[in-house]
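# Remarks on the overall topology
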Amino acid sequence: MVNLIWAAMAIIGILYAMFNGTMDDVNKAIFTSAEDAVSLSITLISTLVFWLGMMRIAEKAGILNGLAKLFRPIVLKIFPDIPSDHPAIGYILSNFTANMFGLGNAATPMGIKAMEQMKELSGGSDRASRSMITFLAMNTSSLTIIPTTVIAIRMQYDSMAPTEIVGTTIIATVISTISALIIDRIFYYRSIRRN
Amino acid sequence: MSFITTVSAWLIPFILLLILLTATWKKIPSYELFVEGGKEGIKMAVSLLPFLVGMIVSISILRSSGALEAFIELITPLLALIGIPPDIIPLALVRPISGTAALGMTTELISTHGPDSFIGRLASTMQGSTDTTLYILTVYFGAIGIRKMGYALKVGLLADLIGILASVVIVTLIFG
């Protein structure tokens, strides 16, 4: 499906440009966006190195385990495939925490780390496991409690109450996250029934 | 207000303090561990690069050709029928595909309609309550080499749809 979407976006764009005289823009966009992607990866290096370094300390110092112990019952309900003493739980929880506070930069390295642990659990297969998809669904539905970027933009445009959207954001986030979990379960049970 | 800005400014330094104090207390070689963990980050970023270049180029072809805009124009009246404000529809459609484009649109909506207008509040809520599904999928699955994604994309996109509808309903109920 990703292959299809990926190719379709480019194909539709190029075909559309043929008939609408935007081929010049497309041509330019191909090269500037490739450059943008590289500079994004370079920006990512700094956050990945920094947070993965810090998280290694946190792991060895037992902080991740402590966090995992605290929320174990909830996490095990959401991820029934993960053994209760597995290090993946600590990374999942730190990813959730970072997301809640709108620290997207910190959330990404921890999320990748969590995914890595889940891949180990599924024996290194290149197929997305049940827990991986659940984790991904929760991340795409966003877990933000304090949307820092949005608040900053609102302040920049002289909002009378820059934080008044925190409440609506939390309610919308809770609804979308719970729906993501439900949809994930439905698809999971459908996929077992099919096999 | 000042409370929340203080919290977000203090949070990261505070987490670092907690990690470093615990490590020092337990006599763990913190600096060596940091370097060791950090090395992994370089490898990760390098392995991500082709995934990001591929995805971002494809999205930008779609955007720069004008096809995305045309599609949005086409679908706007349909979505307006079910009560979604037309001004917000481009943002709703772009949010799962491109994070930078969505942030740009949110900023523009807030600047043209004002942060405290209905559209401004709705754009703010929408921006905060869903995330860029395609980017997360690319980065997370790309970094660890998952090729068979199963039903992951479908679940992600359906959750986005619900998040967007929920934002419209909630903002209408609370601020409408």
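Scroll up for the structure.
Reading guide: rules and limits
- Residues numbered from 1 in each chain as written.
- Chains lettered and ligands numbered in written order.
- Predicted model: local features only at pLDDT ≥ 70, side-chain atom pairs only at ≥ 80, totals over all residues.
- Heavy atoms only, no water.
- Helix = DSSP H or I, 4+ residues; strand = E, 2+ residues; numbered from the N terminus.
- Rg over C-alpha atoms; globule rule 2.2 N^0.38 Å.
- Buried < 20%, exposed > 50% of the residue type's maximum accessible area, 1.4 Å probe, protein only.
- Contact = heavy atoms within 4.5 Å.
- Areas by Shrake-Rupley, 256 points an atom, 1.4 Å probe, with all protein chains shown as cover.
- Lys, Arg positive; Asp, Glu negative; His and termini not counted.
- Charge placed at Lys NZ, Arg CZ, Asp CG, Glu CD.
- Phe/Tyr/Trp six-rings, centres within 6.5 Å; stacked < 30°, edge-to-face > 60°.
- Lys NZ or Arg CZ within 6 Å of the ring centre and 35° of its normal.
- Salt bridge = Lys/Arg side-chain N within 4 Å of Asp/Glu carboxyl O.
- Buried area = accessible area lost by both parts, 1.4 Å probe.
- Core = buried A, V, L, I, M, F, W, Y, C linked by side-chain atoms within 4.5 Å.
- Patch = residues over 30% accessible without salt bridge, like charges linked within 9 Å, V, L, I, M, F, W, Y side chains within 5 Å.
- Axes fitted to C-alpha atoms, helices over the stretch in contact; angles between N-to-C directions.
- Left-handed = near helix turned anticlockwise from the far one by under 90°.
- Nonpolar A, V, L, I, M, F, W, Y, C, P; charged D, E, K, R; others polar.

## Quick look at the overall build of chain B
The helix and strand inventory of chain B stands at eight helices and zero strands. In sequence order, the secondary structure elements of chain B are arranged as α-α-α-α-α-α-α-α. Taken over the C-alpha trace, chain B has a radius of gyration of 21 Å; the compact-globule value for 176 residues is 16 Å, which it surpasses by more than 25%. Considered along the principal axes of its C-alpha atoms, chain B spans approximately 65 × 45 × 30 Å. Within chain B, buried positions represent 49% of all 176 residues. In chain B, the proportion of contacts linking residues at least 24 apart, taken out of those at least 6 apart, comes to 64%. Here chain B displays about 8300 Å² of accessible surface, and carbon together with sulfur accounts for 72% of that area. For chain B, the centre of its 10 positive side-chain charges and the centre of its 10 negative side-chain charges are spaced 14 Å apart.

## Points about the overall build of chain A
For chain A, the count of helices and strands is eight helices and zero strands. What you see in chain A, going N to C, is helices and strands ordered as α-α-α-α-α-α-α-α. Dimensions of chain A, computed from C-alpha atoms along their principal axes, come out at roughly 60 × 55 × 35 Å. Across the 195 residues that make up chain A, the buried fraction comes to 49%. Once local pairs closer than 6 in sequence are excluded, the contacts in chain A between residues at least 24 apart make up 59%. Charge separation in chain A, taken as the distance between the mean sites of 15 positive and 13 negative side-chain charges, equals 13 Å.

## Quick word on the packing of aromatic side chains
Per the counting criterion, the structure on display carries six aromatic pairs over all chains. Ring centres of A:F96 and A:F135 lie 5.9 Å apart, and the angle between their planes is 20°; on these two criteria the pair is classed as stacked. With A:F96 in helix α4 (residues 88-100) and A:F135 in helix α6 (residues 130-140), this pair connects stretches of sequence that are 39 residues apart. Note on A:F96: relative accessible area 8%, which makes it buried. By the ring-pair criterion, three or more aromatic residues cluster together here, those being A:F50, A:W51 and B:F34. It is A:R130 that lies over the ring of A:Y188; its NZ or CZ is 3.7 Å from the centre. Here B:R121 stacks its cationic end above the ring of B:F175, 4.2 Å away from the centre of that ring.

## Observations regarding the pattern of salt bridges
Scanning the model with the defined rule gives 10 salt bridges over all chains in all. Its salt-bridge partner being A:R56, residue B:E36 comes within 2.4 Å of it at the nearest N-O pair. Pair noted here: B:E36 is in helix α2 (residues 30-64) and A:R56 is in helix α2 (residues 23-60), and the two residues belong to different chains. Given a relative accessible area of 41%, B:E36 falls into the partly exposed group. Through salt bridges that share partners, A:R56, A:K113, A:E116, B:E36 and B:E40 make up one connected network.

## Some points on the interface of chain B and chain A
Listed per partner, the contact involves 91 residues of chain B and 97 residues of chain A. The junction of chain B with chain A conceals about 8300 Å² of combined surface from both sides, 78% of it contributed by carbon and sulfur atoms. On the chain B side of the contact with chain A, B:Y140, B:I144 and B:Y151 bury the most area, a combined 9% of that side's loss. Applying the counting criterion to the chain B and chain A interface returns seven salt bridges. Put simply, B:E40 and A:K113 hold a salt bridge, and the shortest N to O gap is 2.6 Å. Only α1 (2-25), α2, α3 (67-81), α5 (99-113), α6 (118-129), α7 (133-144) and α8 (152-175) of chain B provide two or more residues apiece to the side of chain B that touches chain A. Top element by residues in the side of chain B that touches chain A is α2(B). It accounts for 25 residues.

## Structural notes on the nonpolar core
A:F79, A:I112, A:F135, B:I88 and B:F141 are the most contacted members of the largest nonpolar core, which has 93 residues in total. Per-element accounting of this core gives the leading share, nine residues, to α2(A). Not counting the four nearest positions on each side in its chain, A:I112 is found in contact with A:L48, B:M44, B:L48, B:V139, B:Y140, B:A143 and B:I144.

## Considering a nonpolar patch on the surface
All names here are of chain A. Judged by side-chain polarity, I11, I14, L15, M18, F19 and M23 come together as a nonpolar surface patch covering roughly 600 Å² of accessible area. For the nonpolar patch, the element with the highest residue contribution is helix α1 (residues 2-20), accounting for five residues. Tracing the sequence through the fold places F19 in helix α1.

## Examining the packing of α1(A) against α2(B)
A pair of packed helices is characterised by two quantities: the angle between their axes and the separation of those axes. Contact geometry for α1(A) and α2(B): axes closest at 7 Å, N-to-C directions at 40°. Handedness of the α1(A)/α2(B) crossing: left-handed. In this structure, α1(A) uses A:V2, A:W6, A:M9, A:A10, A:I12, A:G13 and A:I14 to contact α2(B), whose residues at the interface are B:G54, B:M55, B:S58, B:I59, B:I61 and B:L62. Looking at side-chain class alone, the contact of α1(A) with α2(B) contains 10 nonpolar, three polar and no charged residues.

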